Amino acid sequence: MSPLGKKLNHNIHDLVPSDYHLLGDSAYSNASHLLTPYKDNGHLSRKQKNYNYKHSATRVAIEQAYGLLKGRFRILRYVNIYDTKVIPSVIISCCVLHNICVDANDLDVEPYQEDADANVAVGINDRNLDTKGRIKRDDIAEIIN
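- In the nomenclature of an unreviewed UniProt entry, the protein chain is known as DDE Tnp4 domain-containing protein of Photinus pyralis.
- Among the UniProt annotations of the protein chain, the heading Cofactor (unreviewed entry) holds the following wording: "a divalent metal cation".
- Reading the Sequence similarities (unreviewed entry) entry of the UniProt record for the protein chain gives the comment "Belongs to the HARBI1 family."

1. A word on the overall build of the protein chain
Stage number 1. The secondary structure content of the protein chain amounts to six helices and two strands.
Stage number 2. Per-residue burial for the protein chain yields a buried fraction of 26% across its 145 residues.
Stage number 3. Summarising the internal contacts of the protein chain: among those between residues at least 6 apart in sequence, 60% fall at separations of at least 24.
Stage number 4. Roughly 10600 Å² of accessible area belongs to the protein chain as shown, and the carbon and sulfur atoms make up 54% of that amount.

2. A word on the state of the cysteines
Stage number 1. Scanning the entire structure with this criterion turns up zero disulfides.
Stage number 2. Unpaired in terms of disulfides, C95 finds its nearest cysteine sulfur in C94, a separation of 7.1 Å.
Stage number 3. Residue classification places C95 among the partly exposed positions, given a relative accessible area of 30%.

3. Section: the packing of aromatic side chains
Stage number 1. Counted according to the given criterion, the structure contains one aromatic pair.
Stage number 2. Ring centres of Y38 and Y51 lie 5.3 Å apart, and the angle between their planes is 75°; this geometry places the pair in the edge-to-face category. Pair noted here: Y38 is in the loop between β2 (34–35) and α3 (46–72) and Y51 is in helix α3, with a separation of 13 residues, a long-range link. As far as burial versus exposure is concerned, Y38 and Y51 are alike and both buried.

4. With respect to α3
Stage number 1. Its 27 residues give α3 an end-to-end C-alpha distance of 39 Å, which sits within 8% of 39 Å, the value for a rise of 1.5 Å per residue.
Stage number 2. Considering bend angle alone, the principal kink of α3 is centred on V60 and spans about 45°.
Stage number 3. Buried residues along α3 sit against β1 (22–23), β2, α4 (75–78), α5 (87–103) and α6 (131–144).

Conventions used here
- Residues numbered from 1 in each chain as written.
- Predicted model: local features only at pLDDT ≥ 70, side-chain atom pairs only at ≥ 80, totals over all residues.
- Heavy atoms only, no water.
- UniProt positions renumbered as here; feature names shortened; annotations may be inferred.
- Helix = DSSP H or I, 4+ residues; strand = E, 2+ residues; numbered from the N terminus.
- Buried < 20%, exposed > 50% of the residue type's maximum accessible area, 1.4 Å probe, protein only.
- Contact = heavy atoms within 4.5 Å.
- Areas by Shrake-Rupley, 256 points an atom, 1.4 Å probe, with all protein chains shown as cover.
- Disulfide = S-S within 2.5 Å.
- Phe/Tyr/Trp six-rings, centres within 6.5 Å; stacked < 30°, edge-to-face > 60°.
- Expected span 1.5 Å × (residues − 1).
- Bend = angle between axes of the 7 residues up to and from the residue.

Listed below in structure tokens is the structure:
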């Protein structure tokens with residue numbers, strides 16, 4: 001629903017060239033520009049498990065950064081995700097203030113830990129995947145094996 005999301009859905013190649021992609025968690029649908037983990041239904045292949053592991057490991061740094069921001073600025077835990085006009089200002093303000101704190105060596109913040117299922121969207125499954133995204137994810141899983 002954000003302006004970026006709308007641009008990604010309409011002019012994807014202007015923002016993300018076809019040989020690049022973003023990484024998303026299981027709250028998003030897999031697509032050629034946004035790769036998500038394989039849904040673990042208990043029957044993943046070794047290649048799929050390896051892909052999920054490397055996908056997760058790649059996202060760890062940003063997840064930790066979000067945890068620090070949410071630990072320092074509790075408003076980020078409760079911001080209305082549907083108010084797309086306010087969200088960017090709130091997030092940018094928190095990032096600027098966080099950087100000021102880091103520059104001042106104010107590093108004493110308890111990272112916020114979300115519930116494991118907090119970002120899992122209901123109704124998304126691998127059968128409804130964008131075909132190009134599925135092929136791209138499978139190709140990457142094959143390459144990194």
